[in-house]
Amino acid sequence: MTSENTTRNTATVYVPRDAAARSVGADEVAQQLELAPIEGGFGVDVVRNGSRGLLWLEPLVEVVTPEGRIGYGPVTPEDVPGLLAAGMLDGADHPLRLGPVDQLPWLARQNRVTFARVGVTDPLSPEDYEAHGGLQGLRAALEMEPADVVTEVTDSGLRGRGGAGFPAGIKWKTVLDCADELKFICCNADEGDSGTFADRMVMEGDPFLLIEGMTIAAHAVGAREGYLYIRSEYPDAIATMNTAIDIARGRGWLGAGILGSSLDFDLHIRVGAGAYICGEETSMLESLEGKRGMVRAKPPIPAIEGLFGRPTVVNNVLTLTTVPVVLADGAKAYQDLGVGRSRGTQVFQLAGNIKRGGIVETAFGITLRELIEDYGGGTLSGRPARAVQVGGPLGAYLPEARFDLPMDYEALAEAGAMLGHGGVVVFDDTVDMAAQARFAMEFCAEESCGKCTPCRVGSVRGVEVIDRIVAGEQQDENLALLEDLCELMTDGSLCAMGGLTPMPVRSALAHFADDFVGRGDRRLLEIHPVQRGNTRTEGQA
Amino acid sequence: MTEGGSIMTTSGTDVSVESVVRRAAAAHRGERGALLPVLHAVQAELGCVPQEAIPVLADEFNLSRADIHGVVTFYHDFRREPAGRSTVRICRAEACQALGADRLLSHVRESGLTLGETSTDGGVTVEQVFCLGNCALGPSVEANGRLHGRVTPARLGAILNGTV
Ligand SMILES: Cc1cc2nc3c(=O)[nH]c(=O)nc-3n(C[C@H](O)[C@H](O)[C@H](O)COP(=O)(O)O)c2cc1C
Ligand code: SF4
Ligand code: FES
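Presented here is a report on the structure given in the accompanying data block. (Residues numbered from 1 in each chain as written. Chains lettered and ligands numbered in written order. Predicted model: local features only at pLDDT ≥ 70, side-chain atom pairs only at ≥ 80, totals over all residues. Heavy atoms only, no water.)

**Regarding the interface of chain A and chain B**
Taken together, the contact between chain A and chain B spans 71 residues of the former and 46 residues of the latter. Counting each side, the surface lost to burial between chain A and chain B is near 4,800 Å², with a carbon and sulfur contribution of 55%. On the surface where chain A and chain B come into contact, there are 4 salt bridges. Where arginine 32 of chain B meets glutamate 225 of chain A, a salt bridge forms, and the shortest distance between an N and an O atom there is 2.7 Å. (Contact = heavy atoms within 4.5 Å. Buried area = accessible area lost by both parts, 1.4 Å probe. Salt bridge = Lys/Arg side-chain N within 4 Å of Asp/Glu carboxyl O.)

Pasting the structure below:
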């Protein structure tokens, strides 16, 4: 702000528009900056970027200076006058100053591929998008035959990021090989797992990337229509994607003859209505068709008979947003990252009781301990971390003794755990693991689609049995009963909702048995399931 | 929750419900499988999907009333009756539990409110939700469409009173 600075008369300041940043005051900070009286004739140009994913520093304000983008955070609205007075617009010193954001160790150590642009650009600026490498993947794909695009994706080793880890290229090949005239691309943006928010952040922070990824998929398999199924809990992502789709249509990035090619592809947003099971792909398809989200039996697989009975690619947001990079840089570059059969990078989401929560995108193979301790800085409460749930509400709880496990699909499976959507939820030593196991059953009871008995009834029985164990009633018999129930749910459920609910329960029992038979704090057990009056069995008559 | 057996008569409110539903259906005509978008539109306008809407939807979509009823009741978002003047949803999923979501639930109980219900004065409806995608900055609460992070019981009190 000093008069010596004659090279500019507008300071560019970035304040995230990401929902997490907004949840802790980013809008108010942006408003303060826009309204602030600026000395020295400077105007402030506030750009609402995505979040860099250093969520404990939100709102993270960045100022463009000749030395790069200098960060300040976390900034409250009350901090703004003092920051301006201290010379923030020139990148001056202040207790909240973090230095050049690119060089923050947390960020510098990551390998951002899918998240490369998130937080860097203005999410709704198509100019920014292209200036930062956007559309390179699509342009490359449009020069290629569809089958070659599929081969490229197969060779990259990219596996589905939604949970099951199925190779994306193989799924695409199945759809490509179907002769139907009408095929669909469906993006699964239901992201119902607790501890996961990467889909949301990429939709809010780099929406054109998802459009580009879905368009490449359309070219690769011969689809002309796409659906993006976003959960209703994500209003910001819905709004951003809607605007981005309009802009993309206006630029010829969607619609007829995309980028001057012969490809026609258009994209529609569908909003979910509060049902976890609609993240399961066949349930999502039912929901897209306007029905109850009842899981379909497989086969037929959606790749052959999917949406409205047509061949359909169903992929997660992160899978589709990784495709443009694979096409832009080539399969080899992506394949070179990772370990074993887990190729490329994984977007880990650090959440729960953690000091530094947020997005860590790094090659597969990093250990839980590195994530929790090096990146996360331990618990927020400062107490010892006792348990970590990896892979969402259907994932295992792991004790401290397991923190050296490398994070890849196979190593986790061997340890009786799963990577899921990459969520890592940390609990400190005040956690009551019997209560967590009970919650897993309660959640399944609440969110089951109701189609099969082991899941619909088993989960209700599971809650009751755990209550009896905790109450000290015939503990041995009831523990045996719980084990039986888990086995029945695992073997007898139609989908992974009922099939995997035993995973958090059994892992809690295996590693934290004490909590079931007389330790820990019983607070959570007082919270009984809420009757909503819209239970799933009702509409079945 | 059984469905009324008789065809709805067109009382004053029914006419407006019917017109809202017909308009919503018309706005989404030509879209594939448009029932969910239409239900969202009806709820956005009426605050709920009332019973009177069911036969009209059945007519528009050429489905049985049981089919429509089945869809409406399957999804947590769709209400049969309007919520209170403000709606507060508290995240009860694991990451927020790890950050003390149970303390927020205790606060709700101590305030004389019940999860899933509207306060007697119709002022506020408090509900549970499983994950708002703000899991690193929990406990998370959404109030009237606005997301709040790192919510303490005191802050929840202010949200419930409408002062935040
Ligand atoms: C109960 C349940 C919930 C699921 N939730 C999601 C979800 O929220 N998002 C998602 O992408 N996949 C979810 N999946 C996985 C999908 O069924 C499917 O495997 C995935 O969308 C395929 O995309 P991908 O191959 O790109 O991962 C869920 C699966 C189950 C069984
Ligand atoms: S396991 Fe549960 S959610 Fe899955 S199909 Fe069966 S009842 Fe539905
Ligand atoms: S678990 Fe509460 S916001 Fe995700």
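Moving on from the coordinates now.
**Quick look at the site of ligand 2**
With respect to spatial proximity, 13 residues lie near ligand 2, and among them Cys449, Lys451, Cys452, Cys455 and Cys495 of chain A are the closest. Each residue belonging to the shell around ligand 2 can be placed in one class, and the counts come to 8 nonpolar, 4 polar and 1 charged. (Near = heavy atom within 4 Å. Nonpolar A, V, L, I, M, F, W, Y, C, P; charged D, E, K, R; others polar.)

**Digging into the site of ligand 1**
Residues and elements named next belong to chain A. In the neighbourhood of ligand 1, 20 residues make up the surrounding shell, with Gly162, Glu281, Asn315, Asn316 and Thr319 lying closest. Glycine 192 has a polar backbone atom sitting 3.3 Å from an oxygen atom of ligand 1. Asparagine 315 places a side-chain nitrogen or oxygen 2.8 Å from an oxygen atom of ligand 1. For ligand 1, whose accessible area on its own is 610 Å², the fraction buried by protein is 91%. Among the elements of the structure, β9 (312-316) and α20 (496-500) are those that each provide at least two residues to the shell around ligand 1. Ranked by residue count, the leading element in the shell around ligand 1 is β9, at 3 residues. (Polar contact = N/O pair within 3.5 Å; in protein donor to acceptor, adjacent residues only side chain to side chain. Areas by Shrake-Rupley, 256 points an atom, 1.4 Å probe, with all protein chains shown as cover. Helix = DSSP H or I, 4+ residues; strand = E, 2+ residues; numbered from the N terminus.)

**What about unusual backbone geometry?**
A cis amide bond links glutamate 58 of chain A to the next residue, proline 59 of chain A, at an omega of -5°. Mapped onto the elements, proline 59 of chain A comes out in the loop between β2 (43-47) and β3 (61-65). Residue proline 300 of chain A is reached from proline 299 of chain A by a cis peptide bond, and omega for that bond is 0°. Looking at the secondary structure, you find proline 300 of chain A in the loop between α12 (281-288) and β9. The phi torsion at cysteine 131 of chain B lies on the positive side, around 80°, for a residue other than glycine. Structurally, cysteine 131 of chain B can be placed in the loop between β3 (124-129) and β4 (141-143).

**Considering the sheet that holds strand β5 (residues 97-100) of chain A**
Residue and element names in this part refer to chain A. What the 5 strands build is an open sheet, ordered β2-β1-β3-β4-β5; its pairing is mixed. Of all strands in the sheet, those bounded by a partner on one side alone are β2 and β5. The average angle at which neighbouring strand axes cross in this sheet is 25°, direction not considered. The pairing of β3 with strand β4 (residues 68-72) spans 5 bridges and is classified as antiparallel. Counted as the bridge partner of valine 63 is isoleucine 70 from β4. Along the sheet, helix α2 (residues 26-35) contacts β1 (10-14), β2 and β3; its crossing angle with β2, the most-contacted strand, is approximately 155°. (Pairing = 2+ DSSP bridges. Axes fitted to C-alpha atoms, helices over the stretch in contact; angles between N-to-C directions.)

**Re the packing of helix α3 (residues 53-61) of chain B against helix α4 (residues 65-74) of chain B**
All names here are of chain B. Relative orientation of the contacting elements α3 and α4 amounts to 115°, with a least axis distance of 8 Å. In terms of orientation, α3 and α4 fall into the roughly perpendicular class. At the point where α3 passes α4, the crossing takes the right-handed sense. Residues Ile54, Pro55, Leu57 and Ala58 of α3 touch α4, and the partners they reach there are Arg65, Ile68, His69 and Val72. When grouped by side-chain class, the residues that make up the contact of α3 with α4 number 6 nonpolar, 1 polar and 1 charged. (Parallel < 35°, antiparallel > 145°, perpendicular 65-115°, else oblique. Left-handed = near helix turned anticlockwise from the far one by under 90°.)

**Re the pairing of β3 of chain B**
Residues and elements named next belong to chain B. Counting buried residues in β3 gives 6 out of 6 residues, a clear majority hidden from the surface. Burial along β3 is two-sided: the residues Val124, Val126 and Gln128 and Thr125, Glu127 and Val129 are all buried. Both strand β1 (residues 86-91) and β3 contribute to a ladder of 6 bridges, which runs parallel. Among the inter-strand pairings, valine 88 is bridged to a residue of β3, identified as valine 126. Of the strand pairs in this sheet, strand β2 (residues 117-118) and β3 are connected by 2 bridges, and their pairing is antiparallel. Across the sheet, the residue bridging to threonine 118 is threonine 125, located in β3. Here β2 folds back onto β3, and the loop between the two strands holds 5 residues, one of which, glycine 122, carries a positive phi near 75°. (Buried < 20%, exposed > 50% of the residue type's maximum accessible area, 1.4 Å probe, protein only.)

**A word on the sheet that holds strand β8 (residues 266-271) of chain A**
All names here are of chain A. Spatially, β8-β7-β6-β9 is the arrangement adopted by the 4 strands of the open sheet, whose pairing is parallel. At either end of the open sheet lies a strand with only one pairing partner, and these are β8 and β9. Neighbouring strand axes in the sheet, compared pairwise and without regard to direction, differ in orientation by 20° on average. Relative to β8, strand β7 (residues 225-230) runs parallel, the two being bridged by 6 bridges. Looking at the pairing, isoleucine 230 lines up with valine 271 of β8.

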